[in-house]
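Observations on the three-dimensional arrangement
The lines below spell out each chain.
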Amino acid sequence: MSEAPLAGGTIIGEDGLARPTWASTDTLLRDYYDTEWGMPVRDEQGLFERISLEGFQAGLSWSTILRKRPAFREAFLDFDPDRVAALTEDDVELLMINEGIIRNRAKIRATIRNAQATIALRDEGGLVDFVWSFQPESTPSPKTLSEIPTTSPESVALSKALRKKGFSFVGPTTMFALMEAVGIIDTHLVDSHRRGTSGVWA
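A brief look at the structure comes next. Since we're looking at a predicted model, the values are computed, not measured.

Brief notes about empty space enclosed by the protein
Enumeration over the complete set of coordinates arrives at two cavities of 30 Å³ or more. When contributions to the lining of the largest cavity are tallied by element, the ones reaching two or more residues are α2 (44-57) and α6 (105-121). For the lining of the largest cavity, the per-class residue count stands at five nonpolar, five polar and one charged. Empty space within the second largest cavity amounts to approximately 30 Å³.

Some remarks on the side chain of Asn-114
If you trace the backbone, Asn-114 turns up in helix α6. With a relative accessible area of 4%, Asn-114 lands in the buried category. Sequence-distant contacts of Asn-114, that is, excluding residues within four places in its chain, are made with Phe-48, Gly-166, Phe-167 and Ser-168.

Considerations on the layout of surface pockets
Roughly 500 Å³ of volume is contained in the largest pocket. If you list the elements that add at least two residues to the lining of the largest pocket, you get α1 (27-35), α2, α3 (62-75) and α9 (172-181). Looking at the lining of the largest pocket element by element, the count peaks at six residues for α9. A breakdown of the residues in the lining of the largest pocket according to their chemical character gives 14 nonpolar, seven polar and two charged.

Remarks on the environment of Ala-85
Along the chain, Ala-85 falls in helix α4 (residues 81-85). Counting along the chain gives 34 residues from Ala-85 to Ile-119, while the straight-line C-alpha distance between them is 8.2 Å. Among all residues touching Ala-85, those that are not within four sequence positions of it are Ile-112, Ala-115, Gln-116 and Ile-119.

Quick notes on the packing of aromatic side chains
On inspection of all chains with the given rule, the structure shows 10 aromatic pairs. Between the aromatic rings of Trp-22 and Trp-37, the centroid separation amounts to 5.5 Å while the plane-to-plane angle is 80°, which identifies the pairing as edge-to-face. Of this pair, Trp-22 sits in the loop between β3 (18-20) and α1 while Trp-37 sits in the loop between α1 and α2, placing them 15 residues apart in sequence. Under the relative-accessibility criterion, Trp-22 is labelled partly exposed at 30%. Owing to a relative accessible area of 11%, Trp-37 belongs among the buried residues under this scheme. Residues Phe-76 and Phe-79 carry aromatic rings whose centres are separated by 5.7 Å and whose planes lie at 15° to one another, so their mutual orientation is stacked. Each member of the pair, Phe-76 as well as Phe-79, is classed as buried. Here the aromatic residues Phe-48, Phe-56, Phe-72, Phe-76 and Phe-79 are joined through ring pairs into a cluster of three or more.

Focus: unusual backbone geometry
Located in the positive-phi region is Leu-77, a residue other than glycine, with phi close to 55°. Secondary-structure assignment places Leu-77 in the loop between α3 and α4. Even without being glycine, Asp-78 reaches a positive phi, approximately 60°. For Asp-78, the position within the fold is in the loop between α3 and α4.

As for the nonpolar core
Judged by nonpolar contacts, the single largest core of 52 residues is most densely connected at Leu-47, Phe-72, Phe-76, Ile-108, Leu-127 and Leu-162. In contact with Ile-108, not counting residues within four places along its chain, are Phe-56, Phe-76, Val-92, Leu-95, Met-96, Ile-101, Ile-102 and Arg-103.

Some details on α2
A rise of 1.5 Å per residue sets the reference length of α2, with its 14 residues, at 20 Å; its end C-alpha atoms lie 20 Å apart and thus fit the reference within 8%. With 11 of 14 residues buried, α2 is to be regarded as a mostly interior element. Tucked inside the fold, the buried residues of α2 contact α1, α3, α4, α6, α7 (127-132) and α9. Phi for Gly-59, located one or two positions after α2, is positive at around 90°.

Regarding the packing of helix α8 (residues 153-164) against α9
Between α8 and α9, the shortest axis-to-axis distance is 8 Å and the interhelical angle comes to 110°. Taken together, the axes of α8 and α9 are roughly perpendicular relative to one another. Of the residues in α9, those touching α8 at Glu-154, Ser-155, Val-156, Leu-158, Ser-159, Leu-162 and Arg-163 are Pro-172, Met-175, Phe-176 and Met-179. Classifying every residue of the contact of α8 with α9 gives seven nonpolar, two polar and two charged.

Rules of the game
Residues numbered from 1 in each chain as written. Predicted model: local features only at pLDDT ≥ 70, side-chain atom pairs only at ≥ 80, totals over all residues. Heavy atoms only, no water. 1 Å grid on protein atoms, 1.4 Å probe; cavity = no way out; pocket = protein on both sides within 12 Å on 5 of 7 lines; lining within 4 Å. Points joined across faces, edges and corners; volume = space filled by probe spheres on them. Helix = DSSP H or I, 4+ residues; strand = E, 2+ residues; numbered from the N terminus. Nonpolar A, V, L, I, M, F, W, Y, C, P; charged D, E, K, R; others polar. Buried < 20%, exposed > 50% of the residue type's maximum accessible area, 1.4 Å probe, protein only. Contact = heavy atoms within 4.5 Å. Phe/Tyr/Trp six-rings, centres within 6.5 Å; stacked < 30°, edge-to-face > 60°. Core = buried A, V, L, I, M, F, W, Y, C linked by side-chain atoms within 4.5 Å. Expected span 1.5 Å × (residues − 1). Axes fitted to C-alpha atoms, helices over the stretch in contact; angles between N-to-C directions. Parallel < 35°, antiparallel > 145°, perpendicular 65-115°, else oblique.

As far as function goes, none of this settles anything; it's purely spatial.
Below, the structure written as structure tokens:
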């Protein structure tokens, strides 16, 4: 079966499954969509990695980040907050010559500061409980990509709260993308084969 668009904004792939257009052609994005995007992330290290990568993604395509993710994981010590928090200015300089990652000094330094802020949050219940406390009472039910919002009152509130805790590169749009990616909200199109599969939303 060839790919065919549906009225709802998805495309039926050769495997018979409906996906949004952004996850329908690139193999890497399709696999990410089918196995990761929107599934709950409830461990500190995993959530810190997602926050870090969402911050690096700002202004770039997510496919770029995914292709560089193995290099990011190596460069940032598997996003272990304790190890990242201990990185020095000498380490920043080494990261700035690492061609495998996004070499943005401000974002690299922010990742280190965010690791330190993640450690500090352990005294208040931890990063996971903090971020998930901003889960809304309902989730969008988009039929087309144009119906998916880019921010929400909760993502605005989460952004402000994280900034107060010392995080940076956590703007409302970036935090909305995080909430989508880690299952806090479900913005899968209603006719996608992935809608409702996270177990968080009926």
